[in-house]
Amino acid sequence: MSAAADSFGRTLLAALAGSAFGWLAVLLAAAIQGLAVMFLAWPFYTVLLVVLGIVVALFMAVLARLWRRLSLVAVMSASAILTFGFFAALMLRIIAANSGRA
């Protein structure tokens, strides 16, 4: 049995830590592109990022519980990558939807 299957709480904390790394990656990418102001000007994006990270962390914790071979590092890494990827895809979808409006 791996460490991820021992305790759901430890797995959930690892997944939340991974989501926090994903949040930092999103904020770093936004700062590099000059879009960090969007998190202050529109709280919707901040709330969306936090909720998305929590949902991804819960999903990864449940997945690690069902698939017992996942280590804590794998849970953390997958949570960070999924949080960053889902938020980036969601932002692209919002930008593409609003680009047709004048």
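Below is a summary of the structure that appears in this document.

The rules we used
- Starting from 1, residues in each chain are numbered consecutively following that chain's sequence as written.
- Reporting of local features is limited, given that this is a predicted model, to residues whose pLDDT is at least 70; pairs of side-chain atoms are given and counted only at 80 or more, and all residues count toward the totals for whole chains, interfaces and linings.
- Water and hydrogen atoms were dropped before computing side-chain values, which therefore reflect all heavy atoms in the structure.
- Remark: nonpolar core denotes a set of buried residues (Ala, Val, Leu, Ile, Met, Phe, Trp, Tyr, Cys) joined through side-chain atoms within 4.5 Å.
- Burial status follows relative accessibility: with a 1.4 Å probe on protein chains alone, a residue under 20% of its type maximum counts as buried, one over 50% as exposed, and anything between as partly exposed.
- Comment: elements are numbered from the N terminus, with helices defined as DSSP H or I runs of at least four residues and strands as E runs of at least two.
- We call two residues in contact whenever any of their non-hydrogen atoms come within 4.5 Å of each other.
- Throughout, an axis means a line fitted to C-alpha atoms (over the contacting stretch in the case of helices), and angles, computed between N-to-C directions, take values from 0 to 180 degrees.
- Roughly parallel means an angle under 35 degrees; roughly antiparallel means over 145; roughly perpendicular covers 65 to 115; every other angle is labelled oblique.
- With the far helix as reference, a near helix turned anticlockwise by less than a right angle produces a left-handed crossing, and one turned clockwise produces a right-handed crossing.
- Gly is placed with the polar residues, together with every amino acid not listed as nonpolar (Ala, Val, Leu, Ile, Met, Phe, Trp, Tyr, Cys and Pro) or charged (Asp, Glu, Lys and Arg).
- What counts as a ring pair is set by centres within 6.5 Å for rings of Phe, Tyr and Trp (its six-membered ring), and what kind of pair is set by the plane angle: stacked under 30 degrees, edge-to-face over 60, tilted for all other angles.

Turning our attention to the nonpolar core. Within soluble globular proteins, side chains that are nonpolar tend to cluster in buried spots. Counting nine residues, the largest nonpolar core is built from Val-26, Ala-30, Met-38, Phe-39, Tyr-45, Leu-49, Leu-52, Phe-87 and Met-91. Looking at this core, the elements that each hand over two or more residues are helix H2 (8–33), helix H3 (38–41), helix H4 (43–66) and helix H5 (72–98). For this core, the element with the most residues is H4, which contributes three residues. Once you skip the residues sitting within four places of it in the chain, Leu-49 turns out to touch Trp-23, Val-26, Phe-39 and Phe-87.

Time to look at the packing of H4 against H5. It is the contact of H4 with H5, at a shortest axis distance of 9 Å, that shows an interaxial angle of 140°. With respect to H5, the axis of H4 lies oblique. Here H4 runs over H5; the crossing is right-handed. For the pair H4 and H5, the contacting residues are Phe-44, Tyr-45, Leu-48, Leu-49, Leu-52, Gly-53, Val-56, Ala-57, Met-60 and Ala-64 in the first and Val-75, Ala-78, Ser-79, Leu-82, Thr-83, Phe-86, Phe-87, Leu-90, Met-91 and Ile-94 in the second. Counted by class, the contact of H4 with H5 contains 17 nonpolar, three polar and no charged residues.

Going through the model one piece at a time under the given rule, you end up with three aromatic pairs. On the numbers, 6.1 Å between centres and 25° between planes, the contact of Phe-39 with Phe-87 is stacked. Of the two residues, Phe-39 is situated in helix H3 and Phe-87 in helix H5; the sequence distance between them amounts to 48 residues. Just as Phe-39 is buried, Phe-87 falls in that class too. Arranged with centres 6.3 Å apart and planes meeting at 90°, the rings of Trp-42 and Tyr-45 form a pair that is edge-to-face. Members of the aromatic cluster, joined through ring pairs, are Trp-42, Phe-44 and Tyr-45.

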